[in-house]
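The lines below spell out each chain.
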Amino acid sequence: MKFIKNHLTFIFPMMAILLGVEFFLVFDRTTDSYEYGLKEGYSMFVVANKALELDDFKRLNKHISQREEIDKEALATQISKGVNQSNSKEILKALPYFYNIKLDSYLHSSALKNIQRNLEESDMIKRVETFGNSYTESYKLFSFIKFSLKSFIGFMALVSLLLIIKQMEIWKYAHKERMQVMEIFGASLMLRSGVLFRVAIIDAIISTFLTSGIFLGLKYQWAQESHIDILMQKQNLLFQSNDFLILLGISLLIVIVSVYLVVFGTRGSSQ
Amino acid sequence: MPSNFVINASHLTLSYGETEIIKDASFSVKKGEFVFITGPSGSGKSTLLKSLYGQIEPTDGSLIVGGLDMATISTGKLQDLRTHLGIIFQDYKLINEWTVAKNVILPLMIAGYSVDVQETQAERLLKHVKLATHKDRYPLELSGGEQQRVGVARALAKNPFLILADEPTGNLDEYSSNVIWDLMENACEQLNTTVLVVTHRIPSIFSNPYRHFIIEGKGIYEVH
């Protein structure tokens, strides 16, 4: 019973960290498509003195990724309804060039202002219109959710790491005599902490499998039966094969860091 | 310092915090000698022994063990030195979760010897201390005398140039004590290993010529 308790007090905090990490990975992946939607839905309307190519826009700001020219002839036709053809040609000639431009990524409102300023500073451009209000609101809300989630996961990870270190100290105490004897006979720090590494690595692997199992269960069982649209549509994003390696890597890193934090405190302890 | 000196202490002072345990002591031990250091309880015998395997740094003076200055020795060099020492403790300091054989080969494991060499050496050493049939047992299944024989076998595992023994027979009956003394005498005579024993009194059965130091009033003096 004590043996199981000893291991669970390591496995549970480790799982809390890994669940946090995996939850963040899933959140990041699912919100990527939301970010893409926001980005795609956003555009700037530019009125230019002359015809501009995409490269001309890119020279003004590197975040501009697409340029879509608005058909001047259609506009001229609309304007010149009931006017004779020669006047219609004059109208077409007098009209400036209209463009919708799109951006390469989901940008902060200050970056958007910067793009607008760059465009307005150009002699080739007469006017720039942005549809920033709804974008900024969405951006702020989205950033707040992301920040809150990151803070919560970070705080949970810190508390869990402290619990892991505490458990490691208990193990160190349990194996103190063995480590002291090995130290007296000249074992290196690495060798004498081998027992801690072995126990912790096994528990880290168990934690990784359990966390992966929970998310695989969510992906293949719960998501399908949940009837929640977003989960059913984004089911493939819930757990990916790379995630297992990421979780394993993080759990092993935590083991190495915590063993060293605990063992470095025992130098010369065999006096 | 002539190279045949294994230990050379000069004006050595050892302290725990502000308390001086050994003060301004000078002595040396040559290769192949069997040396006793005696003194009453609390006189600093164990402290002196700990300084010889680098567990305590000299506060003042110099202490050279195997050609290495224990005041300035690096962690790496100290680890290396310890792999060439055989250390025997009154409370045996065996690892109870390990079998007798695994305990014996600990110095060989630390030095990175192959499993084959470790197994061969374990058999040879356990035969030498007459515990060949106990190799798969655990220390707590053995008597005190048997556990100390395991301790001696472990100390001899890597053919050390110096054996340090801290009250090695302090917890043993007379018969078991004599077995341990025999083993250490043999190591000294047959392998030319230097043996330094700290004990509160020299065993009466000890017949061979030996050097004897006494710790008294924080100093170390040779008894002639």
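Described in the following lines is the structure provided in the data block. This one's a predicted model, so the numbers in the text were calculated from it and none came from an experiment.

Criteria and cut-off values
- Within each chain, residues carry numbers counting from 1 in the order of the written sequence.
- By the order in which they are written, chains take letters starting at A while ligands take numbers starting at 1.
- Two thresholds apply to this predicted model, a pLDDT of at least 70 for residue-level local features and 80 or more for giving and counting side-chain atom pairs, whereas whole-chain, interface and lining totals are computed over all residues.
- Paired strands, as defined in this entry, are two strands with at least two bridges between them according to DSSP.
- Elements are defined by DSSP. Helices are runs of H or I of four residues or more, strands are runs of E of two residues or more, and each kind is numbered from the N terminus.
- Every axis corresponds to a line fitted to the C-alpha atoms, with the helix fit spanning only the stretch in contact, and the corresponding angles, defined between N-to-C directions, vary from 0 to 180 degrees.
- When an angle is under 35 degrees it counts as roughly parallel; over 145 it counts as roughly antiparallel; between 65 and 115 it counts as roughly perpendicular; any other value is oblique.
- Two helices that cross are described as forming a left-handed crossing if the nearer one is turned anticlockwise from the farther one by less than a right angle, and a right-handed crossing if clockwise.
- Contacts are defined on C-beta atoms placed from the backbone: any two residues whose C-beta positions lie within 7 Å are in contact.

### Overview of the pairing of strand 1 (residues 5–16) of chain B
Residue and element names in this part refer to chain B.
Step number 1: Sheet topology note: the strand 1/strand 2 (residues 19–30) ladder contains 8 bridges and is antiparallel. Pairing of Ala9 across the sheet is with Phe27, part of strand 2.
Step number 2: The antiparallel hairpin formed by strand 1 and strand 2 contains 2 residues in its connecting segment, where Gly17 sits at a positive phi of about 65°.
Step number 3: Relative to strand 4 (residues 60–65), strand 1 runs antiparallel, the two sharing 5 bridges. Paired with Ile7 across the two strands is Val65, which belongs to strand 4.

### So, the packing of helix 9 (residues 194–226) of chain A against helix 11 (residues 241–263) of chain A
All names here are of chain A.
Step number 1: Orientation of helix 9 relative to helix 11, taken along the N-to-C sense of each, is 150°, at an axis distance of 9 Å. Relative to helix 11, the element helix 9 is oriented roughly antiparallel. Here helix 9 and helix 11 pass one another in a crossing that is right-handed. Within the contact between the two elements, helix 9 uses Leu196, Phe197, Ala200, Ile201, Ala204, Ser207, Thr208, Thr211 and Ser212 and helix 11 uses Phe244, Leu247, Leu248, Ser251, Leu252, Val255, Val259 and Val263.

### Some remarks on the sheet that holds strand 3 (residues 97–103) of chain A
By definition, the strands of a sheet pair up through backbone hydrogen bonds, in either a parallel or an antiparallel sense.
Residues and elements named next belong to chain A.
Step number 1: The 4 strands lie next to each other as 2-3-1-4, forming an open sheet whose pairing is antiparallel. The open sheet is flanked by strand 2 (64–69) and strand 4 (125–130), the only strands paired with a single partner. This sheet shows a mean twist of 25° between the axes of neighbouring strands, independent of strand direction.
Step number 2: Bridge analysis of strand 2 against strand 3 gives 5 bridges, and the strand direction is antiparallel. Opposite Arg67, over in strand 3, you have Ile101 as the bridge partner.
Step number 3: Packed onto the sheet, helix 5 (residues 109–121) meets strand 1 (44–48) and strand 4 and runs at close to 160° relative to strand 4.

### As for the environment of B:Ala155
All names here are of chain B.
Step number 1: Topologically, Ala155 is positioned in helix 6 (residues 144–156).
Step number 2: As a C-alpha pair, Ala155 and Gly86 span 69 residues in sequence and 3.9 Å in three-dimensional space.
Step number 3: Filtering out sequence-adjacent residues up to four positions away, Ala155 remains in contact with Gly86, Ile87, Ile88, Pro160 and Ile163.

By themselves these figures say nothing about function.
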